[in-house]
Amino acid sequence: PNAPVFISPAPGDYWYLNVGTGTNGNFGAWHSTDMVNWTPYGDITGENWVSSAEYVDGKFYIYYDSPNDEDPHLIIDDDLTDGININMGKVFADPSHGSDAGAFRDKDGTIHLFYEDWSAIKARDHNWDSQVAGHTSSPDGITGFTYNEHVNPIDLRGTPTGSTGTYTHPHNGTYTYTEYTGSKDAFGDYEVIRVGDTYYIFCDFDPEGSEPIGVAYWITDDIYGTWEWGGVIRNNLRADPAIGMAEGEFVLFVQDHDELTSSGPWVDGVQIQIGVDTDGDGTSDHWTDWLDIEETYARHPGFTRVFDLAPAELDLSALGLPEGYGIQFRYSVTDAAAVMDSVTFDSTVVPEPSMLVAMTGLWGMVLYRRRRA
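Residues numbered from 1 in each chain as written. Predicted model: local features only at pLDDT ≥ 70, side-chain atom pairs only at ≥ 80, totals over all residues. Heavy atoms only, no water.

Okay, the packing of aromatic side chains next. Scanning the entire structure with this criterion turns up 26 aromatic pairs. Aromatic pair Tyr16 and Trp30: ring centres 5.7 Å apart, planes at 55°, arrangement tilted. A residue pair is termed long-range when its members are at least 10 positions apart, and Tyr16 in strand 2 (residues 13-19) and Trp30 in strand 3 (residues 27-32) qualify at 14 residues. Judged by its relative accessible area of 18%, Tyr16 falls in the buried class. (Phe/Tyr/Trp six-rings, centres within 6.5 Å; stacked < 30°, edge-to-face > 60°. Helix = DSSP H or I, 4+ residues; strand = E, 2+ residues; numbered from the N terminus. Buried < 20%, exposed > 50% of the residue type's maximum accessible area, 1.4 Å probe, protein only.)

See the structure below:
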């Protein structure tokens, strides 16, 4: 297969794009309502080298390189089954080559492209990936994309050596690049999602040296800034990842492997225990059992890769707690990467020091975020 593309306009409406159902190697589509049974459609684009897709107000925005690894173009299609679409042509002129751009539509409607920047690497020696990622954006997904518009989200170049090199691309001739002193760990084929206020970028990861290529991720709370390394998800597979939500789970498609699924970025193995001070001595003498808690996620209406986050919440009124002077809590995690961001208690009962306070109506929220250790 070529790079997989997954786009889901709504629950139960799942589209998978790849070569195989089309003609002349062009991209076709499969549709499913349950992620199990798929209906194939023929060539939907008339083009190959599709790298990403988004969904905007009832229309599919399908981005493809032309030629391969060059200059993202755009097809707009409101019905992938009728063979009719509008080819908008080139929408982003990328002088660095190596685009393989991933499209992401944020809550404000802005469409972002994250692309491979080959200006500082001999890409053919690094699985056609790069240690530099570029970022450009457009209010409509069609106009305004500009090279080097925003801060490079990933940049391991180091400093220039003053030398240049050349290599040949199998389709496009000879490329020239500037040599740098930095790491040659390479990344590419980007796919971005937003969960709550946090952004995740999934990508190929080709480590410098002999380690096998795999799929990894970066993380940020500022889409326009520099991203933080998240970690490796899986080694020894060709990624070109595509991600979305289906049947209540996040699903990640890669080139040469069955899809990977996840319940979300929440760190597994988080438990909380509630204690009640029943005699007013400042120490809890009644403790609940350890209780599992977790965040929950839902699609943000009208968006394919933006997901709302409901923080982990525990309703104390359902625990049968005794009356007391105060409460305490303890928490436990099995993953060293877990970091507690905050804890919030709320109550429909206003405590007074001179009286026993029933715990009925109290509830607590505990928030965590996965970060590298």
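On to the side chain of His112, then. Counting through the fold element by element, His112 comes out in strand 10 (residues 111-116). Only 2.8 Å separates the side chain of His112 from the side chain of His135, close enough to count as a polar contact. Once residues lying within four places of it in the same chain are set aside, the contact partners of His112 are Gly102, Ala103, Phe104, Asp106, His135, Thr136, Ser137, Ile223 and Tyr224. (Polar contact = N/O pair within 3.5 Å; in protein donor to acceptor, adjacent residues only side chain to side chain. Contact = heavy atoms within 4.5 Å.)

Another aspect to go through is the pairing of strand 10. By the criterion of burial, strand 10 is predominantly enclosed, with 6 of the 6 residues buried. Neither face of strand 10 is open: one carries Ile111, Leu113 and Tyr115, the other His112, Phe114 and Glu116, and all of them are buried. In this structure, strand 9 (residues 102-105) lies alongside strand 10, joined through 4 bridges in antiparallel fashion. When the sheet's bridge partners are listed, Gly102 is paired in strand 10 with Phe114. Where strand 9 folds back on strand 10, the antiparallel hairpin that results is connected by 5 residues, among which Gly109 adopts a positive phi of roughly 90°. Looking at chain direction, strand 10 and strand 11 (residues 132-138) are connected through 6 bridges and run antiparallel. Residue pairing across strands places Tyr115 opposite Gly134, the latter belonging to strand 11. (Pairing = 2+ DSSP bridges.)

This brings us to the sheet that holds strand 2. The strand order 1-2-3-4 describes an open sheet built from 4 strands, whose pairing is antiparallel. For this open sheet the edge positions go to strand 1 (5-10) and strand 4 (38-43), each flanked by a neighbour on one side alone. Taking the axes of each pair of neighbouring strands and ignoring which way they run, one obtains an average angle of 25° across the sheet. Across 4 bridges, strand 1 lies against strand 2 in antiparallel orientation. Each residue of the ladder has a partner; that of Ala10, found in strand 2, is Asp13. (Axes fitted to C-alpha atoms, helices over the stretch in contact; angles between N-to-C directions.)

Another point: the side chain of Ser8. Along the chain, Ser8 turns up in strand 1. Ser8 gets classed as buried once you look at its relative accessible area, which sits at 3%. Within the local environment of Ser8, its side chain forms a polar contact with the backbone oxygen of Ala10, the two atoms lying 3.2 Å apart. Polar side-chain contacts of Ser8 include one of 3.1 Å to the backbone oxygen of Asp13. Ignoring any residue separated from it by four or fewer positions in sequence, one finds Ser8 in contact with Asp13, Tyr14, Met245, Arg299 and Thr304.

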